[in-house]
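# Analysis of the macromolecular model
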Number of protein chains: 2
Amino acid sequence: MSKYKGILDHIARYVELSDSEIEEFTSILKTTRVKKRQFIVQPGFVSEYRNYIVEGAVRVFYLDDLGKEHTVIIAIEDWFFTDFYSYIHRTPAEYYAEALEDSLILQMKYEDVEELCNRIHPLCQYFRLFTERSMAYSYKRTISNISKTSEERYWEYVNKYPQIANRVPQYVLASYLGISPESLSRIRSRS
Amino acid sequence: MSKYKGILDHIARYVELSDSEIEEFTSILKTTRVKKRQFIVQPGFVSEYRNYIVEGAVRVFYLDDLGKEHTVIIAIEDWFFTDFYSYIHRTPAEYYAEALEDSLILQMKYEDVEELCNRIHPLCQYFRLFTERSMAYSYKRTISNISKTSEERYWEYVNKYPQIANRVPQYVLASYLGISPESLSRIRSRS
DNA sequence: AAAAATGCTTGACTTTTATCAAGGAATAAA
DNA sequence: TTTATTCCTTGATAAAAGTCAAGCATTTTT
């Protein structure tokens, strides 16, 4: 099965592309394999790509002044990731993107995406609609962060993404939820 | 000066529309005046519109089971607001949008926006690019929420939006930052 | 101008979560 | 299979923030 099937299905959930448009789109995709613990994005370098995960798992995290990690994105198959601010504004990244497992990713360069979105209206629609949905989801996470207790956020995540919760290290999940690893361990033990 | 100037300038920051496209776009805008404390969106009703503030201030908040308010958006002139999840998925809203001041807003219906985005490529580009920027910003807020102390979040907000911090009630700002009103009062007093 | 409602502050106390430190379990490397 | 490394757990303590309650100040309403 083509390595493009996943991403093309993803697009097809929103818009219909002609065969030639599909061909144009797949032609900008760069296939990359990364090993566990490898960095795909690093502070100081512009995040050139939107990345789609065909197989594997990746996280995007921020390393603060005290050396603590704060995870913004935990992504598995069929998810996109990048340092979005860096990608869009063409400024040096502030985050790391790190492979949590050996992964196969598809990368599309900013300039190529913009060029295609200018030319291909349905593709522009796809990114618009998909980003709007991501935005709606992002508000939900914000509400969760400002209104729920650590314990509530943990169980909410486990219910929503049971497969991910068991797949990534606990300290990664803790740093995603804004909880110390010790506290997360205690939350899990009392129940 | 036209009440449309602000929103048209906003669009012009991203794309160029022809006169007829501008005409088509402005024709879907509904002008609404709301009084302070009036609700523009309420739980149970679908959030039909994307709302743009010409003059005034609005907040979007969630009322939890314990009766506590959690503010997701504080918006003033030249900002958009809606219950994004409800607006996009056409499901009943979970949030309130409440005018913090007497306000003048421009409302565009979901169906009209979709129809125009289908027909007018530059408008689709506008919403895509703008939403992507909102998304990049949203990640910053997430990082702030999971990695910073209440005090840091407060000063970060005051530095970023000094005019808003002095314009909205303190308990609104507290509920936006995920802090109790009492704690915010104490944070302000020690400095 | 008086009364009511709203918003802010402060104190005392409680709860939650973080921190520091040590040890154990599991996994990966030699 | 032994040794390292990584990850998780647990206990003791400290810090941060929330809660409850009362009072004051400001604005709005009558």
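Summary of the structure given here. For clarity, every value in this text was computed on a predicted model and none was experimentally measured.

Close to DNA strand D lie 17 residues; Q170 of chain A together with K68, S150, S183 and R186 of chain B are nearest. Close to the protein, within 4 Å, the atoms of DNA strand D are drawn from sugar and phosphate at a rate of 60%. Note that a phosphate oxygen of DNA strand D is positioned 2.7 Å from one of the backbone N or O atoms of Q170 of chain A. S180 of chain B places a main-chain nitrogen or oxygen 3.1 Å from a phosphate oxygen of DNA strand D. Only α8 (170–177) and α9 (181–189) of chain A together with α9 (181–189) of chain B provide two or more residues apiece to the surface near DNA strand D. Top contributing element to the surface near DNA strand D by residue count: α9 of chain A, with four residues. Its residues assigned to classes, the surface near DNA strand D shows three nonpolar, eight polar and six charged.

Before going further, it helps to spend a moment on the relation of the copies chain A and chain B. When chain A is fitted to chain B, the best match, at an RMSD of 0.0 Å, comes from turning it 180° and sliding it 0.0 Å along the axis. Read as a symmetry element, the transformation amounts to a two-fold axis. Proximity to the rotation axis, assessed at the C-alpha, singles out R128 of chain A in chain A; its C-alpha lies 2.1 Å from the axis. Mapped onto chain B, 100% of the interface residues of chain A are again interface residues, and the two copies thus contact each other with one and the same surface.

Backbone-to-backbone hydrogen bonds pair the strands of a sheet. The strands run either parallel or antiparallel. Taken together, four strands build an open sheet; the order of strands is β2-β7-β4-β5 (chain A) and the sheet is antiparallel. A single partner strand is all that each edge strand has here, and the edge strands are β2 (39–41) and β5 (69–75) of chain A. Across the sheet, the mean angle separating the axes of adjacent strands is 30° when strand polarity is ignored. Direction of pairing for β2 of chain A relative to strand β7 (residues 95–99) of chain A: antiparallel, over a ladder of two bridges. Its bridge partner lying in β7 of chain A, F39 of chain A is registered against E98 of chain A. Its contacts with the sheet put helix α5 (residues 121–147) of chain B on β4 (58–63), β5 and β7 of chain A, and the angle it makes with β5 of chain A is roughly 130°.

One open sheet holds the four strands; their spatial order is β1-β8-β3-β6 (chain A), and the pairing between them is antiparallel. Taken across any chain shown, the strands that pair with only one partner, and hence form the sheet edges, are β1 (30–34) and β6 (80–81) of chain A.

On to the pairing of strand β8 (residues 103–109) of chain A, then. Residues and elements named next belong to chain A. Burial analysis of β8 places six of its seven residues in the buried class, which makes it a mostly covered element. As defined by bridge partners, β1 adjoins β8 across five bridges and the pair is classed as antiparallel. Within β8, the position partnered with T31 by the bridge is L106.

Contact residues are listed per partner, giving 41 residues for chain A and 41 residues for chain B. Of all residues in chain A, R128, Y139 and I146 of chain A give up the largest surface area on contact with chain B, accounting jointly for 16% of the area buried on that side. At the boundary of chain A and chain B, one finds six salt bridges. Among the salt bridges present, the one from E94 of chain A reaches K140 of chain B, with a minimum N-O distance of 3.7 Å. On the surface where chain A and chain B come into contact, there are 13 residue pairs in polar contact (both at pLDDT 80 or more). Among the elements of the structure, β5, α3 (84–89), α4 (110–119), α5 (121–147) and α8 of chain A are those that each provide at least two residues to the side of chain A that touches chain B. Looking at which element gives the most residues to the side of chain A that touches chain B, the answer is α5 of chain A, with 21 residues. Grouping the constituent residues of the side of chain A that touches chain B by class yields 18 nonpolar, 14 polar and nine charged.

Parameters at a glance
- Residues numbered from 1 in each chain as written.
- Chains lettered and ligands numbered in written order.
- Predicted model: local features only at pLDDT ≥ 70, side-chain atom pairs only at ≥ 80, totals over all residues.
- Heavy atoms only, no water.
- Near = heavy atom within 4 Å.
- Polar contact = N/O pair within 3.5 Å; in protein donor to acceptor, adjacent residues only side chain to side chain.
- Helix = DSSP H or I, 4+ residues; strand = E, 2+ residues; numbered from the N terminus.
- Nonpolar A, V, L, I, M, F, W, Y, C, P; charged D, E, K, R; others polar.
- Least-squares fit on C-alpha atoms with pLDDT ≥ 70 in both.
- Contact = heavy atoms within 4.5 Å.
- Pairing = 2+ DSSP bridges.
- Axes fitted to C-alpha atoms, helices over the stretch in contact; angles between N-to-C directions.
- Buried < 20%, exposed > 50% of the residue type's maximum accessible area, 1.4 Å probe, protein only.
- Buried area = accessible area lost by both parts, 1.4 Å probe.
- Salt bridge = Lys/Arg side-chain N within 4 Å of Asp/Glu carboxyl O.

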